[in-house]
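Residue-level structure breakdown
Residue strings, one per chain:
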Amino acid sequence: MSDLPTLDLSGGTALVVGGAGGGIGSAVTLALADAGAELHIVTYDRDHAEEVIEEGKGLRGSIQPHIADVTDETAFSAVLKHILDAQDPVKFLVNVVGGVGVTDWSRTKDCEMDTFDRILSRNLRYALVSCREVASSLIEQSSPGAIVNISSIAARAIPLLAGYGAAKAGLAIFAQGLRNRLAPSGVHVLTIKPGFVDTPMLRSALGDQYSKIPKFLISEVEPAANRICDGIKNR
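On a predicted model such as this, the values are computed, not experimentally measured, just so you know.

**What about the environment of G21?**
Assignment of secondary structure puts G21 in the loop between β1 (13-17) and α1 (24-34). As for G21 and E51, which are separated by 30 residues in sequence, their C-alpha atoms are 8.1 Å apart.

This is the structure we're talking about:
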């Protein structure tokens, strides 16, 4: 935690969608809890939630898990409503869920629409839902805050990842419009675009090919977590 920007969120409530699993989400959750935030995290895996809660013991803030599949809009919306209806309003939103699975790499001519729709759901659609609900809550309460979305350098086009790139480009453009809309209300919207980040999902997706990526192209999770904390700190 000492490498992360100095941040004091004591008394503030944050929501990290995808705030577990050992990658960027876990790093952000632990950093914000260390800063004193009251954390809500959404993850599909209860074991992942328990792991990050165990890691967060002794930090200044608290971590409350919510189990939901963010690609199920009905279930995800119900969880968001439960969180946003709580007494303490959410002031900080970080959308981490995303990435590609083993079967999501393909030439455009071979990409099935079911695959494309799954990629959009995991990397774009859910973020529109969470941004919409949290932004509406912040505006209704006339409260300043921060929203952080994680796009990717794949938005600039990477071979075999056209669907993923399209989803991440869409997220970046959506966030840009949201930034213009929310700035007068004191809500800071930040988009970060990391390259290859050493996460369990990336290693799983690439399998044996992971070792063939030049090491200088792969970053650790901490720099991405730093950017997110910086964005919240400088809101």
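Next comes the rest of the account.
**Concerning the nonpolar core**
Of all hydrophobic cores here, the largest spans 33 residues; its most connected members are L15, V17, V42, F76 and I147. Breaking this core down by element, the ones donating at least two residues are β1, α3 (73-84), α4 (113-140), α5 (162-182) and β6 (187-192). Per-element tally for this core: the top contributor is α4, with 10 residues. In this structure, V42 is in contact with L15, V16, V17, G18, G19, H66, A68, V70, F76, V79 and I83, ignoring residues within four places of it in sequence. V16, A37, F92 and A146 belong to the second-largest nonpolar core, a separate cluster that totals 32 residues.

**With respect to the pairing of strand β3 (residues 62-67)**
Residues in a regular strand project their side chains so that they alternate between the two faces of the sheet. Pairing geometry for strand β2 (residues 38-43) and β3, over 6 bridges, is parallel. Each bridged residue has a counterpart across the sheet, and for V42 the counterpart in β3 is H66. Traced from β2 through helix α2 (residues 46-55) to β3, the parallel crossover comes out right-handed.

**A short note on the packing of α3 against α4**
Two elements in contact, α3 and α4, have axes separated by 11 Å at closest approach and are oriented at 25°. Judged by the inter-axis angle, α3 sits roughly parallel to α4. Seen from above, α3 lies across α4 with right-handed handedness. Facing E73, F76, S77, L80 and L84 of α3, the residues of α4 in contact are R125, Y126, V129, S130, R132, E133, V134 and S137. Taken together, the residues that form the contact of α3 with α4 break down as 6 nonpolar, 3 polar and 4 charged.

**Some thoughts on the pairing of β6**
Summarising burial for β6: 5 of the 6 residues are buried, a large majority. Bridge count for strand β5 (residues 145-150) against β6 is 6 bridges, and the pairing is parallel. Paired with N149 across the strands is T191, a residue of β6.

Thresholds, definitions, all that
- Residues numbered from 1 in each chain as written.
- Predicted model: local features only at pLDDT ≥ 70, side-chain atom pairs only at ≥ 80, totals over all residues.
- Heavy atoms only, no water.
- Helix = DSSP H or I, 4+ residues; strand = E, 2+ residues; numbered from the N terminus.
- Core = buried A, V, L, I, M, F, W, Y, C linked by side-chain atoms within 4.5 Å.
- Buried < 20%, exposed > 50% of the residue type's maximum accessible area, 1.4 Å probe, protein only.
- Contact = heavy atoms within 4.5 Å.
- Pairing = 2+ DSSP bridges.
- Right-handed = clockwise from strand over helix to strand, strands pointing away.
- Axes fitted to C-alpha atoms, helices over the stretch in contact; angles between N-to-C directions.
- Parallel < 35°, antiparallel > 145°, perpendicular 65-115°, else oblique.
- Left-handed = near helix turned anticlockwise from the far one by under 90°.
- Nonpolar A, V, L, I, M, F, W, Y, C, P; charged D, E, K, R; others polar.

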